[in-house]
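# Summary of structural features
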Amino acid sequence: MAEDLARTKSPPRVMGGLWLMFFLLGMSVGFYVPTMTNIMSARGLGSQLIQWAWLAGPVASLLSPVAVGALADNRFAAQRVLGWAGVISAALLAAAFACLDSNLSPWWFVVLLFSSSIVAAPLWSTLASVSMFHLTQGEREFPLVRLGGTIGWMLAGFLTSWVLGADTSPVAGYAGALIRLLGGFVAFTLPDTPPPGRSRSWRTLMGFDAFRLLKERDHCVFFSATALLSIPLAAFYMWTPKHLADLGDAKPTWTMAFGQFSEIAAMLLMVSLMTRFRVKTLLLAALALSALRYGLFAWSGATGSMVGMWIGVAIHGMCYTFYFITAQMFLDRRVPLRVRSQAQGLLSLFSNGIGTLIGTIVVRHLYDLMVAGDPGGWTPYWSILGGMIVLITLGFAFFYVGVGAGDHSRKAP
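For the structure given in this document, a descriptive report is provided here.

Criteria and thresholds
- Residues numbered from 1 in each chain as written.
- Predicted model: local features only at pLDDT ≥ 70, side-chain atom pairs only at ≥ 80, totals over all residues.
- Heavy atoms only, no water.
- Helix = DSSP H or I, 4+ residues; strand = E, 2+ residues; numbered from the N terminus.
- Buried < 20%, exposed > 50% of the residue type's maximum accessible area, 1.4 Å probe, protein only.
- Contact = heavy atoms within 4.5 Å.
- Areas by Shrake-Rupley, 256 points an atom, 1.4 Å probe, with all protein chains shown as cover.
- Expected span 1.5 Å × (residues − 1).
- Bend = angle between axes of the 7 residues up to and from the residue.
- Patch = residues over 30% accessible without salt bridge, like charges linked within 9 Å, V, L, I, M, F, W, Y side chains within 5 Å.
- Salt bridge = Lys/Arg side-chain N within 4 Å of Asp/Glu carboxyl O.
- Phe/Tyr/Trp six-rings, centres within 6.5 Å; stacked < 30°, edge-to-face > 60°.

### Let's talk about the overall build of the protein
What the protein contains, in helices and strands, is 19 helices and zero strands. Here the protein, with 413 residues, has 58% of them falling under the buried criterion. Long-range contacts, defined as pairs at least 24 residues apart, comprise 85% of the intrachain contacts of the protein with a sequence gap of at least 6. Summed over all atoms, the accessible surface of the protein reaches about 15900 Å², with 69% contributed by carbon and sulfur.

### A short note on helix α4 (residues 47-63)
If you check α4, its first and last C-alpha atoms are 24 Å apart, about what 17 residues at 1.5 Å a residue would give, namely 24 Å. Approximately 35° is the largest bend angle found in α4, and it occurs at L55, with the proline P58 only one to four residues beyond. Looking at α4, one finds that the buried residues are S47, L49, I50, Q51, A53, W54, L55, A56, P58, A60 and S61.

### Notes on unusual backbone geometry
Even without a glycine there, the phi angle at N103 is positive, about 60°. Locating N103 in the fold gives a position in the loop between α6 (78-101) and α7 (106-120).

### Some points on a nonpolar patch on the surface
A cluster of nonpolar side chains, namely L155, F158, W162, V163, L164 and V171, defines an oily patch on the protein surface of about 530 Å² accessible area. Among the elements that make up the nonpolar patch, the one with the highest residue count is helix α9 (residues 138-163) (four residues). Take L155: it is sitting in helix α9.

### A closer look at the packing of aromatic side chains
Tallied over the entire structure, the rule returns 28 aromatic pairs. Pairing Y294 with W382 gives two aromatic rings, centres 4.9 Å apart and planes at 45°, and the pair type is tilted. Of the two residues, Y294 sits in helix α15 (residues 279-303) while W382 sits in helix α19 (residues 378-399), which places them 88 residues apart along the sequence. Per residue, the accessibility class of Y294 equals that of W382, and both read buried.

### Quick look at helix α8 (residues 123-134)
Its 12 residues give α8 an end-to-end C-alpha distance of 17 Å, which sits within 8% of 16 Å, the value for a rise of 1.5 Å per residue. Of all 12 residues that make up α8, 10 are buried, and the element is covered over most of its length.

The values reported here are purely geometric and, on their own, carry no functional implication.
Encoded structure:
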């Protein structure tokens, strides 16, 4: 049995290349995403412009991941799609922060950030699809290679706060662009991932086939819950660094990296958890922890203590892993190979696209209503968002059945 298992393990070169690619992607966003609100605030830019900057990601996720996934499924080798997306988005990201650094109109920053995000939006979903294609033991090995992204994010947070001193500086954006450029070059060296299909149908090439997944009850409930969860989740990256700064945290970017410690533990546990518990159980655990996280934030707002913030940020890794990593493996298990890249893109569309788009607007207006000019408003702010997650949890528990289409062979047509 042990010999059979050893023979089916993925080659070290494959594991190492995928791990490095995740590491560089995680490091890239770890430099500038947790710092963006504070960088813009330090330049006197208000919540409206901050909202527009944060809308770049969700708008991009509405436009490109499913369509690019369709190209990877039907036209181009996925590793080449990754490589060119990394190189082009890195150049646009550097240009965006250069505009901000040069005190040009902030709208130049927003436009270039939008452009970079549109090109970069498929990176994570396409890399997940490439990983699932090449890993011979997806449920065991994917969390291990995905761990590279977590470690990269942690290292970026440490470097930003303690080495570069860039918690409010565009230097963090330059660092993110440089690492993404390197990631683009590495992507070209990944194992060849040819398109599994050769459809000429415009519907297929536009990625519309993936939407047929919504006809199945559990898929529909899952994607709906994901979009709804992403609405309050938008506040985590957007406003948690601001709350930390308001409480006196001088190194909020490093504090935001606390979540990666628990994410490492959660990733290592995923192998055994996926074999012992139903997908529904893991998703419900993630939703419950997400509500608890915002409850701790609300408590910090009421007491003025950073302890609740630290604990809440620390459990974010478990919230993310138990929901979104479970979701990626769930889709790989239940979706036919011919639409697998599109399915990962559809997950990105519902989470980073539809849900985060709505969420970015909602949480910004809620911030203006509750918090702007009143530090005591953080308690009702996080309480409302936590209450939303409680309702989503109850709805998911009721409507998601956990039965339906069975597993699909990784080599199935």
